[in-house]
Amino acid sequence: AIRQEISDNLFQSALLGGTSKISKAQAKALYQYQNEKRDFTYISLKQDDVKDITMPTEENIKTYYESNKNEFMIPEKRSVTIATLKTEMIEGEIKISDEELRASYEDNIATYQKPERRVLEQGVLSSESDAKDAYNKVKAGKSVKKSVTEVSGKDTSYLGENAFSKSDLLDELSAPVYAAQAGDVLEPIQSPLGWHVIKVKSIKAAGTEPFDEIKADLKKSMQQDRTLDALIDASNDLDDRLAAGEELEDVVTDMGLTTEQFNDFTMNGANTKGKDIFTVYGSDKSQILEMAFGLDPGEASPVIELADGRYITIRIDSIIAASFQPYEEVKTDLKTRWIDEQKRTANKLRAEQAFSALKNGKDIVSVAKNAQGSQKSFKDLVRNGKAPSNISESNQRQIFSANKGEALMINTKDGYIIGKVSDIKTASADKATDKELNKIIEEESSGLRQEIIAQYVNALSQKYNVRINERLLQSLYGAPPAN
């Protein structure tokens, strides 16, 4: 893993070589671009200003209701009982005798045979000279930890004290370490990790770990294995009993399962108050909801295993079918929406007519008068500045993408603005401070590195025809938890 990481880092360094920083001249050009200012003269045509809209008849509203009925749907709701089988319900029943432990130990005696091991205290430094300084300090009587941290100035250079068999060590270290005696301090040795300063603390002879020393760990391991086996057997028994038609309550009582009820939730897991009541199930939520909405009333699902090792079954207690809000309940809202739609249509028509007139050479004063809109202007809009309150950042980008004198029709949150860029003012690079330029250099350089790596990964994906199937991953393992 370390070798792979080093290879990746070396490759990235080569890939990104020469791209770590943009030049100061580029930063100045970007400063000018980002701080460009524009004046924009426009006509504001708000939807709420549209007058003379004919009030809808009862027939209009009813027709509108039928055309948009799906927007007033009350989704199907379900109530379920989830019965859970947990490890805790099984493990107390598992008993393992000393005779069984001894038999397992004897059967697997080879597992407990350990080769000779050397207990090493070591540090890794970045240069040979630093390693020699630390080595000399250790030889003079200082501890490895103190010597290494004094020379490097970093606690992370000290790797602590650990036992290694010969095969555990890097090739560069194994021969000199196993030629040394207990108490020896080795001359600095270079490996792909750096320069090692090593003291052989002690030597553990080869041999078999005694039964009494490993008994507790062996019992814990056997307990876990048998509990898992018993849990799987119990889940199969649960599945069989439900498939045979036994009532869930009877099975729950016999097997000591826990149950929880979830009432009146929709397909996304929200209850009548809009609260997601299945968040406790994390990535298993989508699988549980899919199962809950795929069964009939009174039916229990097959047993499914959750990500945390629990097993559950889901019984459908009741179903409230999907329906629609009655016409009389939404009539007032429908009338408002119908009027708003008529205003929106009328306002779009007058905006298109005003835009056409402005585009064809009419002066903005006469266009504003004919459209019954108010003439306004933005002074000194900054390309990277905050957008005025009555337009969005997207609207502002439209203004900065236009040529001087070009007519624009921009859809805003409350209607339209029709106008032209009346002036473009280029920022002076000489006004840029070092702090501003350094910020641009840092931001753009970081973005450039990420873009190069992204392009390389994309090229590999195309070359090898690799695609990540997110839908399949989620169907197999569930959706990732929300951040």
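As a starting point, this report considers the structure included with it. In this text the structure is predicted, and so the values were computed from the model without any measurement.

### Quick word on the overall build of the protein
- Looking only at helices and strands, one finds 16 helices and 16 strands in the protein.
- A globule of 483 residues ought to have a C-alpha radius of gyration of about 23 Å, yet the protein, at 37 Å, is considerably larger.
- Looking at the 483 residues of the protein, the share that counts as buried comes to 35%.
- Expressed as a percentage of contacts within the protein between residues at least 6 apart in sequence, the contacts between residues at least 24 apart total 70%.
- When the accessible area of the protein is evaluated, it comes to approximately 29,700 Å², of which 47% is carbon and sulfur surface.
- Computed over 65 positive and 78 negative side-chain charges, the separation of the two mean positions in the protein equals 12 Å.

### Quick notes on the packing of helix 12 (residues 327-359) against helix 13 (residues 364-371)
- Packing of helix 12 against helix 13 leaves a shortest axis separation of 10 Å and a crossing angle of 160°. Overall, the two elements helix 12 and helix 13 adopt an arrangement that is roughly antiparallel. Note on packing geometry: the crossing formed by helix 12 with helix 13 is right-handed. Counting all contacts with helix 12, which are made through Arg350, Ala354, Ala357 and Leu358, the residues of helix 13 involved are Ile364, Val367 and Ala371.
- Taken together, the residues of the contact of helix 12 with helix 13 sort by class into six nonpolar, no polar and one charged.

### Focus: the sheet that holds strand 6 (residues 158-165)
- The four strands lie next to each other as 6-5-8-7, forming an open sheet whose pairing is antiparallel. Because the sheet does not close on itself, it has two edges, and the strands there are strand 6 and strand 7 (185-191). With strand direction ignored, the average angle separating the axes of adjacent strands in the sheet is 35°.
- The pairing of strand 5 (residues 117-125) with strand 8 (residues 194-204) spans nine bridges and is classified as antiparallel. Note that in strand 8 the partner of Val124 across the bridge is His196.
- Most of the contacts of helix 6 (residues 128-139) go to strand 7, to which it runs at about 165°, and overall it touches strand 5, strand 7 and strand 8.
- Of the strands in this sheet, strand 5, strand 6, strand 7 and strand 8 are in contact with helix 8 (residues 171-179), which crosses strand 7 at around 170°.

### So, the nonpolar core
- Counting residues in hydrophobic clusters, the biggest one holds 24 residues, and the most contacted among them are Leu85, Leu218, Leu238 and Leu257.
- Where this core is concerned, the elements lending two or more residues are strand 3 (77-85), helix 4 (88-91), helix 5 (98-107), helix 9 (211-243) and helix 10 (248-255).
- Considering each element in turn, this core owes the most residues, eight residues, to helix 9.
- Those residues within four positions of Leu238 in sequence are excluded, and the remaining contacts are Val251, Met255, Leu257, Val303 and Thr313.

### Points about the pairing of strand 15 (residues 407-412)
- Summarising the sheet, strand 15 and strand 16 (residues 415-425) pair through six bridges and their orientation is antiparallel. The residue bridging Asn411 from the neighbouring strand is Tyr416, located in strand 16.
- Between strand 15 and the antiparallel strand that follows it, strand 16, lie two residues.

### Here we look at the packing of helix 6 against helix 7 (residues 144-152)
- In contact at an axis separation of 9 Å, helix 6 and helix 7 are set at 145° when each is read in the N-to-C sense. Between helix 6 and helix 7 the crossing geometry is right-handed. Contacts between helix 6 and helix 7 pair Asp130, Asp133, Ala134, Lys137 and Val138 from the former with Val144, Ser147, Val148, Glu150 and Val151 from the latter.
- The class makeup of the residues in the contact of helix 6 with helix 7 is five nonpolar, one polar and four charged.

### Some thoughts on the side chain of Arg383
- By the element assignment, Arg383 lies in the loop between strand 14 (374-382) and helix 14 (393-401).
- Among the polar contacts listed, one links the side chain of Arg383 to the backbone oxygen of Tyr33, at a separation of 3.0 Å.
- Not counting residues up to four positions away in its chain, the partners in contact with Arg383 are Tyr33, Gln34, Glu36, Arg38, Gln396 and Phe400.

### As for a nonpolar patch on the surface
- Taken together, the side chains of Phe11, Tyr456, Val457, Leu460, Tyr464 and Val466 make up a nonpolar region of the molecular surface, amounting to roughly 540 Å² of accessible area.
- At four residues, the largest contribution of residues to the nonpolar patch is made by helix 15 (residues 434-464).
- Following the sequence through the fold, Tyr456 ends up in helix 15.

### Remarks on the environment of Ile410
- Secondary-structure assignment places Ile410 in strand 15.
- For Ile410, a relative accessible area of 0% puts it in the buried group.
- When the C-alpha positions of Ile410 and Lys166 are compared, they lie 73 Å apart, and in sequence the two are 244 residues distant.
- Residues within four places of Ile410 in sequence aside, it is in contact with Phe40, Asn395, Gln398, Ile399, Gly415, Tyr416 and Ile417.

### Here we look at the sheet that holds strand 15
- Reading across from one edge, 14-1-16-15 is the order of the four strands in this open sheet, with antiparallel pairing throughout. Of all strands in the sheet, those with a lone pairing partner are strand 14 and strand 15, marking the two edges. Neighbouring strand axes in the sheet, compared pairwise and without regard to direction, differ in orientation by 30° on average.
- Bridge count for strand 1 (residues 37-46) against strand 16 is 10 bridges, and the pairing is antiparallel.

The rules we used
Residues numbered from 1 in each chain as written. Predicted model: local features only at pLDDT ≥ 70, side-chain atom pairs only at ≥ 80, totals over all residues. Heavy atoms only, no water. Helix = DSSP H or I, 4+ residues; strand = E, 2+ residues; numbered from the N terminus. Rg over C-alpha atoms; globule rule 2.2 N^0.38 Å. Buried < 20%, exposed > 50% of the residue type's maximum accessible area, 1.4 Å probe, protein only. Contact = heavy atoms within 4.5 Å. Areas by Shrake-Rupley, 256 points an atom, 1.4 Å probe, with all protein chains shown as cover. Lys, Arg positive; Asp, Glu negative; His and termini not counted. Charge placed at Lys NZ, Arg CZ, Asp CG, Glu CD. Axes fitted to C-alpha atoms, helices over the stretch in contact; angles between N-to-C directions. Parallel < 35°, antiparallel > 145°, perpendicular 65-115°, else oblique. Left-handed = near helix turned anticlockwise from the far one by under 90°. Nonpolar A, V, L, I, M, F, W, Y, C, P; charged D, E, K, R; others polar. Pairing = 2+ DSSP bridges. Core = buried A, V, L, I, M, F, W, Y, C linked by side-chain atoms within 4.5 Å. Polar contact = N/O pair within 3.5 Å; in protein donor to acceptor, adjacent residues only side chain to side chain. Patch = residues over 30% accessible without salt bridge, like charges linked within 9 Å, V, L, I, M, F, W, Y side chains within 5 Å. Salt bridge = Lys/Arg side-chain N within 4 Å of Asp/Glu carboxyl O.

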